[in-house]
Amino acid sequence: MNTKDWKILLVDDEHEFITTLAERLDLRGIPARVVFDGESALEAIAADEPQVVVLDVLMPGIKGLEVLERVKRSNPHVQVLLLTGHGSTRDGIEGMRLGAYDYMMKPLNIDTLIEKMESAIDYARKSAKAGQ
Amino acid sequence: MRKLVALIQNPLRELQSDVDEAVSPERYTLLRRKIIGIMAAAMLIPLTVMAVLNYYEHQNAMTREIQNPLRVLVNKTKNSFELFLTERSSTVSLLASAYSYQELSNERNLARIFNVMTKEFEGFVDLGLINDQGLQVSYVGPYALKGKNYAEQRWFQEVRLKGKYVSDVFMGFRNFPHVIIAVQHRSEDGQTWILRATLDTRQFERLIASMSLEPDADAFLVNSKGLMQTNSNAYGKILERLTLALPPKTFEPAVLSITDPLGREVFLAYAYFPEADFVLMAVKPKASVLKTWYTVRGDLLFIFVLGVAAVLLAAVRVTDVLIRRMKESEERRELALRHVEHSQKLSSIGRLAAGVAHEINNPLAIINEKAGLMNDLLAGQPNFPVRDRILAQVESILRAVDRCRGITHRMLGFARRMDVSIEELDVGEIIKETMGFLSNEAMHRQIELHLEIDPKLPRIHSDRSQLQQVFLNLFNNALAAVADGGRITGTAREVGDNVEVSVRDNGCGMSDETLKHIFEPFFTTKKGKGTGLGLSITYGIIKRLGGDITVESEQGAGTTLTITLPIGQREVQA
Amino acid sequence: MRDALFMGKLTASATHEMQNILATIRESSGLMEDLLAMGGEDFKHAERFKKGLRVLAEQVERGMALSEQLNYCAHAPEAGPAGADVNEALRALTGLMHRQAARSRVGLELSPGRTGLRTALRPVEVMEAVALAVEAALGLLPPGSQLRLCVEEQGGLAVVRLFAPGFEALRETPAWTGLSAQARSLGIGLSPGPGGLGAVLALPRPVA
């Protein structure tokens, strides 16, 4: 599995969390950009389209689900993995309805996250091909 | 008036509508007035009717009792009068036939006869023989009446016609009241004569005196023309006109209730004489004879007033108690409702708390990532002296985060119970999750929690959080019922179109009385604590979800609460 | 009520457990620091590791604080014989509402009053009422502003002052409708602040 050419964007207002996650992914050879709010996320996606966005649902400013909706409109091939708190299955399900690829609960299991990223990238490639 | 009729026809409904509809603060006053009105009416109407009937019955009985002796007395006295007159006239009759005209015309003979007669019979004043020409042939008595001619007098005509005559009381030549008895005798040779005797009316007074009446009573003789034949205390002297109207003619003694000229209410007992032109009358004022009745009537009235007062007092008292109870229970209900409302309002603090529980995920996620990173960093490193010991700590942290994950998951599962939605659910999983909350308490109290969940249990359409609440209540009840070291068993299985979940405990059980009320709001067996909303809320939720709940319990043996939930999505009741 | 108390019981035991676990994490990270100091010279990532341990300690404290707030909430529905400590209840509430206020981009600030100031209400009732008042104010304040809550003692009564927009405007908000109903049932006095600005909540005096 070649992960070097994966393009991942991580979005969460919890700096420590998301930077540490990026660091751990980096250790596993997965490059990931990090932004800390919805606005920056939309800018980053517009500037350089990632394959997968890992997006926290609860953020100040533009909410995760709103970012998801806008991304899905502007960049339909981008796959979104939602991060929700425990017990907010509803947010996850709502996100799926809005076009998220999957959702995960915090705290994360990094191996599960990577598995989901991989299948999302696979799906993104296929859908991009089908779309062409 | 119509309202009153409606009130009487259906008092409870009227009251009910008041309770339901009236919202003004005066509704208790209104209700109180109505209840008192109805109660007073219900008790006073029969009481009054009875009192009135009793009054008239009593009055009649009393009247009869007073009238009867009076009637008897009048009858007896009338008989005495008749006997007196009959005896006297028979005597005169006998004398007339026993002696010849010659014998009687001899004044010495007549005097002897008169002497014997007055010895035998009281009341005779004089005796005279009158020939068929109306001339008094011989006379014995205190007056000088010999040679007087009676041919033109009415009584003479009458005795010639009828053969016998008893006069009214009259003054006549003698100028004092008297009655004459005249008998005509016809001898075998065709000669007729008349023997005439005068009676002193003092005899009449004596007969009346023998009636021994009370001083305020009165008795007298009167003739059919309304002339007094004896003296009366109140209605005229002898030969004066009677001041009372003459009553209808009857020979049987009768009693009338009249008002006399003096304005008194009186009983008038009277009887006409068949043989003479007399009416015997006895008058008794009601006031004196009804004295006892008036006392009785006073007693009756007193008792009636007392009864009415007692009834009113009782009605007011009972109503006050009733209203106070109602007020209290309403206040309690309001308080309880306010509590309920309040616990519902708590949801905003609950939501805030849920927000905090969410937020706890953030430091946990960071700790998780940091520890994970450390783990990663250590993994790629060759051994150094404390590597394994550090690794052990990192792993311990990761395990700790895992445990925290479980805790927040549980907490948030409950915080979510405010959201209502129907989804496809695994009942078994919800039961397991719910039981997880109580495992700490169960472990602490060494209570054995046992689950028997059919692995092939179908998924149902229902509300997750509401079911969590239901199971939580059921398990919580069971926990409250069992002693330390007890056992609680939860089972879930498919029965027909339903999933049946039962929670059985081997606790204290419930009395029949408790069982009867267990699903009522605000019922609680835990004195002093709790609002008793547990099972009624459970009941309400289950009903809303289209299911049912039953309870079996035996005191000392334990309780089984069983709920059935429809598998399919049934019409959810509002 | 019983539900709230029961939920509170559950939550209290959960937060207690959580605090225990966080404490073990704190111990673990402390131990790791010691171990690194003892024999970490050969460890290439020692510095990175140490930085991680610092973050770990911070996050443990953050978790502890949240857990304490939650614990306070869990006990908040319980009625104490001496009523509720107003400062504590408001501290817990501002902690809880901090995030909600942040979402409206409003800073929440609490000036506590005299220590030990109490009211007859249960903590949850105090929190509930003040939360509604804060909610009303949050809907009116412009982003970037501060909302100051101040606990004071006036004539023996504990009073919570809200330095917020006009009282009349507050009264128009839906949250205020809920608040005035609740104030009526709890015996809280609601009045405008000085000059018609903000609001003053006078809490009932404790029984004893």
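Rules of the game
Residues numbered from 1 in each chain as written. Chains lettered and ligands numbered in written order. Predicted model: local features only at pLDDT ≥ 70, side-chain atom pairs only at ≥ 80, totals over all residues. Heavy atoms only, no water. Core = buried A, V, L, I, M, F, W, Y, C linked by side-chain atoms within 4.5 Å. Buried < 20%, exposed > 50% of the residue type's maximum accessible area, 1.4 Å probe, protein only. Helix = DSSP H or I, 4+ residues; strand = E, 2+ residues; numbered from the N terminus. Domains from an automatic or database assignment. Contact = heavy atoms within 4.5 Å. Salt bridge = Lys/Arg side-chain N within 4 Å of Asp/Glu carboxyl O. Polar contact = N/O pair within 3.5 Å; in protein donor to acceptor, adjacent residues only side chain to side chain. Pairing = 2+ DSSP bridges. Axes fitted to C-alpha atoms, helices over the stretch in contact; angles between N-to-C directions. Parallel < 35°, antiparallel > 145°, perpendicular 65-115°, else oblique. Left-handed = near helix turned anticlockwise from the far one by under 90°. Nonpolar A, V, L, I, M, F, W, Y, C, P; charged D, E, K, R; others polar. Phe/Tyr/Trp six-rings, centres within 6.5 Å; stacked < 30°, edge-to-face > 60°. Lys NZ or Arg CZ within 6 Å of the ring centre and 35° of its normal.

J.: When you look at the nonpolar core in this model, what are you seeing that I'm missing?
T.: Note on soluble globular proteins: their nonpolar side chains tend to be buried together. B:Ile390, C:Phe49, C:Met127 and C:Leu147 are the most contacted members of the largest nonpolar core, which totals 89 residues. Of the residues forming this core, the biggest block, 13 residues, is contributed by helix 9 (residues 291-379) of chain B. Each of domain 1 (2-75) and domain 2 (84-203) of chain C contributes no fewer than three residues to this core. Here B:Ile390 is in contact with B:Leu378, B:Phe384, C:Met32, C:Leu35, C:Leu36 and C:Phe49, once residues within four sequence places are set aside.

J.: Just checking my understanding: could you explain unusual backbone geometry for this structure?
T.: Keep in mind that most residues, glycine aside, have a negative phi and that most peptide bonds are trans. Despite not being glycine, B:Ser212 has its phi angle at roughly 40°, a positive value. Secondary-structure assignment places B:Ser212 in the loop between helix 7 (202-209) and strand 6 (218-223).

J.: Help me out: how do you make sense of the interface of chain C and chain A in this one?
T.: Interface size, as often reported, equals the accessible area lost upon joining of the parts. In this assembly, seven residues from chain C lie in contact with nine residues from chain A. Put simply, chain C and chain A have two salt bridges between them. A salt bridge links A:Glu23 to C:Arg48, with the nearest nitrogen and oxygen atoms 2.4 Å apart. Between chain C and chain A we count two residue pairs in polar contact (both at pLDDT 80 or more) in total. At the level of elements, helix 2 (46-75) and helix 3 (86-103) of chain C are the ones that each hand at least two residues to the side of chain C that touches chain A. It is helix 2 of chain C that provides the largest number of residues to the side of chain C that touches chain A, a total of four residues.

J.: Which parts of the structure should I look at to understand the pairing of strand 15 (residues 548-554) of chain B?
T.: Each regular strand shows side chains that alternate between the opposite faces of the sheet. All names here are of chain B. Sheet topology note: the strand 15/strand 16 (residues 558-566) ladder contains seven bridges and is antiparallel. Each bridged residue has a counterpart across the sheet, and for Val-551 the counterpart in strand 16 is Leu-561. Here strand 15 folds back onto strand 16 in antiparallel fashion, the turn holding three residues, of which Gly-556 has a positive phi close to 85°.

J.: Before we go on, may I ask you to explain the sheet that holds strand 3 (residues 52-56) of chain A in this structure?
T.: As a general point, the strands of a sheet are linked pairwise by backbone hydrogen bonds and lie either parallel or antiparallel. Residues and elements named next belong to chain A. Ordered in space as 2-1-3-4-5, the five strands form an open sheet in which the pairing is parallel. Lying at the two open borders of the sheet, with one neighbouring strand each, are strand 2 (32-35) and strand 5 (102-105). In this sheet, adjacent strand axes meet at a mean angle of 20° when their direction is disregarded. In this fold helix 3 (residues 64-74) packs onto strand 3 and strand 4 (79-84), with an angle of close to 175° to the strand it touches most, strand 4.

J.: What am I meant to see in the packing of helix 4 (residues 123-138) of chain C against helix 6 (residues 174-186) of chain C here?
T.: Angle between the axes and distance between the axes are the two parameters that describe a pair of packed helices. Residue and element names in this part refer to chain C. Helix 6 packs onto helix 4 with a crossing angle of 155° between their chain directions and a minimal axis gap of 8 Å. Considered as vectors, helix 4 and helix 6 are oriented roughly antiparallel to each other. By crossing handedness, the relation of helix 4 to helix 6 is classed as left-handed. Residue-level contacts link Glu-125, Glu-128, Ala-129, Leu-132, Ala-133, Glu-135 and Ala-136 of helix 4 to Ala-175, Trp-176, Gly-178, Leu-179, Gln-182 and Leu-186 of helix 6. Partitioned by chemical class, the residues of the contact of helix 4 with helix 6 number eight nonpolar, two polar and three charged.

J.: So what exactly am I meant to see when it comes to the packing of aromatic side chains here?
T.: Describing an aromatic ring pair means giving the distance of the ring centres and the angle of the ring planes. Evaluated as defined, the whole model comprises 13 aromatic pairs over all chains. When the centroid spacing of 6.1 Å and the interplanar angle of 85° are considered together, the rings of B:Tyr270 and B:Tyr272 count as edge-to-face. By the burial criterion, B:Tyr270 is buried, and B:Tyr272 matches it. Centroid distance C:Phe167 to C:Trp176: 5.5 Å. Interplanar angle 90°. Geometry classified as edge-to-face. Overall, the relative accessible area of 7% leaves C:Phe167 in the buried class. Ring-pair connections join several aromatic residues into one group, and the members of that group are B:Phe81, B:Phe84, B:Phe204, B:Phe273 and B:Phe278. Its guanidinium or amino end placed over the ring of A:Phe17, A:Lys106 lies 4.8 Å from that ring's centre, counting from NZ or CZ. Directly above the aromatic system of C:Phe163 lies the positively charged group of C:Arg148, at a separation of 4.3 Å from the ring centroid.

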